[in-house]
Amino acid sequence: MNTDAPSLSLVEAKGRVLGIQTKLHRWATGDASRRFDDLFNLVTDPAFVLVAWERVRTNRGARTAGVDGATAYYIREIRGEDEFLAQLRADLRAGEFVALPVRERMIPKSGGKLRRLGIPTVRDRVVQAALKLVLEPIFEADFQPCSYGFRPRRRAQDAIAEIHQFHNHGYRWVLEADIEACFDSIDHTALMDRVRRRVGDKRVLALVKAFLKAGILTVDGAELGTLTGTPQGGILSPLLANIALSALDVRGRFRRHGLRHPRARRSAAGAGHARPRTARPTAVAGEDQRGPLR
């Protein structure tokens, strides 16, 4: 693809990105075995980087800094957007980009427990957003209709509506189930194997792996390695989780009809076996004379 685009306005950049995303999705849908070998040029394309920056800048966490202390507000008001984006693209193209550890933030959960969030730097967020813009239309072609979590133009109400549809067709019960620490327990090898089925560009694969292995800077100032999982809080993490968890959808595809709650969390560690949590289950299932519904 030709990515030598001149300087674009945000409106023009969004139009260009949407047009290329449409092509990627059409090609992926038309050939389920197709591997995309030239995606890095899109990740560093000025239009994709500009749209990625806009999404990061307008996100609720724009004023939250990563380990480098920089916020999107600081970059826009003090450093300058143009200089920041130009340097980021140059570092990516020169192979000098390095993913930094995420900053740990513990969020209270019900029952007195804590959930770990990982906050990437703004620089890393922009690259992750650009990766997502490129990879999402490709992998969306492979995701099953039973998947509702973290997907474009899908929401909790859609899953609930489908539950009602299944009820009208004879299903009589719903079962909730939860998968413990899904984001934290995703196996990197299994995930990268699934990514490689569609992506042949080694530079893109290296970027994805770099974010998986970036590490965590804890609230106590200790730096931890990340042997498994993808940080809950990273822009790319929901898509990576869906790619990993799609193994479960594929395995169930030929056995039964399926429905996944939009907030259901499943583990694709190793071979993809889920480890359900008995204390507070959360996946949707039902059953009638035709068999179970997941």
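**Considerations on the sheet that holds strand E2 (residues 114–119)**
Stage number 1. Across the sheet, which stays open at both edges, the four strands sit in the order E2-E1-E4-E5 with mixed pairing between neighbours. Looking at strand neighbours, the two that pair on one side only are E2 and strand E5 (223–224), the edges of this open sheet.
Stage number 2. By the bridge criterion, two bridges tie strand E4 (residues 216–217) to E5 in an arrangement that is antiparallel. Of the residues in E5, the one forming a bridge with Ile216 is Leu224.

**Describing the environment of Thr228**
Stage number 1. Along the chain, Thr228 falls in the loop between E5 and helix H11 (237–253).
Stage number 2. For Thr228 and His188, which are 40 residues apart along the polypeptide, the C-alpha to C-alpha distance reads 5.7 Å.
Stage number 3. Residues contacting Thr228, with those up to four places away along its chain left out, are Asp184, Ser185, Ile186 and His188.
Stage number 4. Among the polar contacts made by the side chain of Thr228, one reaches the main-chain carbonyl oxygen of Asp184 at a distance of 2.9 Å.

**What about a nonpolar patch on the surface?**
Stage number 1. Taken together, the side chains of Met106, Leu114 and Val219 define a hydrophobic patch exposed on the protein surface, amounting to about 270 Å² of accessible area.
Stage number 2. For Leu114, the location among the structural elements is in strand E2.

**Looking at the packing of aromatic side chains**
Stage number 1. For the structure on display, the rule yields four aromatic pairs.
Stage number 2. For Arg154, the ring lying beneath its charged end belongs to Tyr148, and the centroid distance is 4.7 Å.

**Some words on empty space enclosed by the protein**
Stage number 1. Within this structure, the stated rule accounts for two cavities of 30 Å³ or more.
Stage number 2. In this structure, the second largest cavity spans a volume of roughly 50 Å³.
Stage number 3. Residue lining of the second largest cavity: Gln128, Phe211, Thr230, Pro231, Gly234, Leu236, Ser237 and Leu240, and that is the complete set.
Stage number 4. Grouping the amino acids of the lining of the second largest cavity by side-chain chemistry returns four nonpolar, four polar and no charged.

**Focus on the pattern of salt bridges**
Stage number 1. Tallied over the entire structure, the rule returns 10 salt bridges.
Stage number 2. A salt bridge links Arg79 to Glu83, with the nearest nitrogen and oxygen atoms 2.8 Å apart.
Stage number 3. For Arg116, the salt bridge identified is with Glu104, shortest N-O distance 2.8 Å. Linking Arg116 in strand E2 with Glu104 in strand E1 (residues 102–108), this pair joins segments that are 12 residues apart in sequence.

About the cut-offs
- Residues numbered from 1 in each chain as written.
- Predicted model: local features only at pLDDT ≥ 70, side-chain atom pairs only at ≥ 80, totals over all residues.
- Heavy atoms only, no water.
- Pairing = 2+ DSSP bridges.
- Helix = DSSP H or I, 4+ residues; strand = E, 2+ residues; numbered from the N terminus.
- Contact = heavy atoms within 4.5 Å.
- Polar contact = N/O pair within 3.5 Å; in protein donor to acceptor, adjacent residues only side chain to side chain.
- Patch = residues over 30% accessible without salt bridge, like charges linked within 9 Å, V, L, I, M, F, W, Y side chains within 5 Å.
- Areas by Shrake-Rupley, 256 points an atom, 1.4 Å probe, with all protein chains shown as cover.
- Salt bridge = Lys/Arg side-chain N within 4 Å of Asp/Glu carboxyl O.
- Phe/Tyr/Trp six-rings, centres within 6.5 Å; stacked < 30°, edge-to-face > 60°.
- Lys NZ or Arg CZ within 6 Å of the ring centre and 35° of its normal.
- 1 Å grid on protein atoms, 1.4 Å probe; cavity = no way out; pocket = protein on both sides within 12 Å on 5 of 7 lines; lining within 4 Å.
- Points joined across faces, edges and corners; volume = space filled by probe spheres on them.
- Nonpolar A, V, L, I, M, F, W, Y, C, P; charged D, E, K, R; others polar.

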